[in-house]
Amino acid sequence: MTQRVVRTLRTRRDTRLFGVSLSRVLSPGDLAIFSGDLGAGKTFLVRSVARALGVEGRVTSPTFTLVHEYPTPHGVFVHADLYRLLGSGRIEAEIERLGLRFMRAEGAVVAVEWGQEGILPLGGSPALVVSLAIDGEHERTAMVTGSRAEELARG
């Protein structure tokens, strides 16, 4: 049975600390999928993961550019956002064109917002699938599954 981890994030600080926890279980070549409604905090959480991995400078949403790459002391961190491609029938072709699967195969940690439709073209077997739900103005619930969720539960 797949491990499922649930966390309540009551503040932005909780979310930042949760991002640190997520970063600790990610390894080169891992795929992390982030889902949730608009405004659920996907980009903020991915930014927290990126910071914890050592990304310096601005970490912004790749909604319009689709992909941002950041160097870290441990390799490349790739942040993608597939929202504009949902339901287009082009996700597989765009993932190929953007080289996301290749970057992952080369050891990049690939974090994808709105990536549920792209799991197989991204190489499958996500380390983490993080679903965020809005519970209040600042409160969120994060449900995490994936091959590294058990490590998250232990840590």
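Data block above holds the structure.
Rules of the game
Residues numbered from 1 in each chain as written. Predicted model: local features only at pLDDT ≥ 70, side-chain atom pairs only at ≥ 80, totals over all residues. Heavy atoms only, no water. Helix = DSSP H or I, 4+ residues; strand = E, 2+ residues; numbered from the N terminus. Buried < 20%, exposed > 50% of the residue type's maximum accessible area, 1.4 Å probe, protein only. Lys, Arg positive; Asp, Glu negative; His and termini not counted. Salt bridge = Lys/Arg side-chain N within 4 Å of Asp/Glu carboxyl O. Polar contact = N/O pair within 3.5 Å; in protein donor to acceptor, adjacent residues only side chain to side chain. Contact = heavy atoms within 4.5 Å. Phe/Tyr/Trp six-rings, centres within 6.5 Å; stacked < 30°, edge-to-face > 60°. Core = buried A, V, L, I, M, F, W, Y, C linked by side-chain atoms within 4.5 Å. Pairing = 2+ DSSP bridges. Axes fitted to C-alpha atoms, helices over the stretch in contact; angles between N-to-C directions.

**Here's the deal with the side chain of Asp-81**
Here comes step 1: Checked against the element boundaries, Asp-81 lands in strand β4 (residues 75-81).
Here comes step 2: Buried charge Asp-81 goes without a salt bridge, the closest partner of opposite sign being Lys-42 at 7.2 Å.
Here comes step 3: A polar contact of 2.9 Å, which involves the side chain of Asp-81, links it to the backbone nitrogen of Tyr-83.
Here comes step 4: Setting aside anything within four residues of it in sequence, one finds Asp-81 in contact with Ser-61, Pro-62, Thr-63, Leu-66, Glu-113 and Trp-114.

**Some details on the packing of aromatic side chains**
Here comes step 1: In total, this model carries one aromatic pair according to the counting rule given.
Here comes step 2: Between Tyr-83 and Trp-114 the ring centres are 4.8 Å apart and the planes differ by 55 degrees, which places this aromatic pair in the tilted class. Of this pair, Tyr-83 sits in the loop between β4 and α3 (91-98) while Trp-114 sits in the loop between β5 (109-113) and β6 (128-134), and the two are 31 residues apart along the sequence.
Here comes step 3: Judged by relative accessible area, Tyr-83 falls into the partly exposed class, the value being 36%.

**Topic: the pattern of salt bridges**
Here comes step 1: Following the criterion strictly, the structure yields four salt bridges and no others.
Here comes step 2: Across the pair Asp-30 and Arg-148 runs a salt bridge, and its minimum N-O distance is 2.6 Å. Placement of Asp-30 in the loop between α1 (12-25) and β2 (31-36) and of Arg-148 in the loop between β7 (140-145) and α5 (149-154) is noted, with a sequence separation of 118 residues between them.
Here comes step 3: Across the pair Glu-150 and Arg-154 runs a salt bridge, and its minimum N-O distance is 3.3 Å. Residue Glu-150 and its partner Arg-154 are located together in helix α5, separated by four residues, close to a single helical turn.
Here comes step 4: Take Arg-154: its relative accessible area is 62%, and that puts it in the exposed class.
Here comes step 5: Overlapping salt bridges bring together Asp-30, Arg-148 and Glu-151 as one network.

**What about the nonpolar core?**
Here comes step 1: Membership of the largest hydrophobic core comes to 28 residues, with the highest contact counts inside it found for Phe-18, Leu-22, Phe-34, Phe-77, Leu-128, Val-130 and Val-144.
Here comes step 2: Mapped onto this core, the elements with two or more residues apiece are β1 (5-9), α1, β2, α2 (42-52), β5, β6, β7 and α5.
Here comes step 3: Residues Ala-80, Leu-82, Ile-91 and Ile-95 belong to the second largest nonpolar core, which totals 18 residues.

**Some details on α2**
Here comes step 1: In terms of residue burial, α2 counts as a mostly covered element, since eight of its 11 residues are buried.
Here comes step 2: For α2, every residue scored as buried is listed here: Lys-42, Thr-43, Phe-44, Leu-45, Val-46, Ser-48, Val-49 and Ala-50.
Here comes step 3: Where α2 ends, the next residue or the one after it, Gly-54, has phi of about 105 degrees, a positive value.

**Notes on the sheet that holds β7**
Here comes step 1: Spatially, seven strands are ordered β1-β7-β6-β2-β5-β4-β3 in an open sheet, and the strand pairing comes out mixed. This sheet does not close on itself; its edge strands, each paired only once, are β1 and β3 (67-72). Neighbour to neighbour, the strand axes of the sheet diverge by 20 degrees on average, direction disregarded.
Here comes step 2: The sheet contact formed by β3 and β4 spans six bridges and is antiparallel. Looking at the pairing, Tyr-70 lines up with Phe-77 of β4.

**Describing the pairing of β5**
In summary, the side chains of a regular strand alternate between the two faces of the sheet.
Here comes step 1: Where burial is concerned, most of β5 is hidden: five out of the five residues are buried.
Here comes step 2: Of the two faces of β5, the one lined by Val-109, Ala-111 and Glu-113 and the one lined by Val-110 and Val-112 are each fully buried.
Here comes step 3: Bridge count between β2 and β5: four bridges; the pairing is parallel. Residue Phe-34 lies in a different strand from β5, and its bridge partner there is Glu-113.
Here comes step 4: Relative to β5, β4 is paired through five bridges, and the arrangement is parallel. Following the sheet pairing, Val-78 is matched in β5 by Val-110.

Any functional reading would require information beyond the geometric quantities listed.
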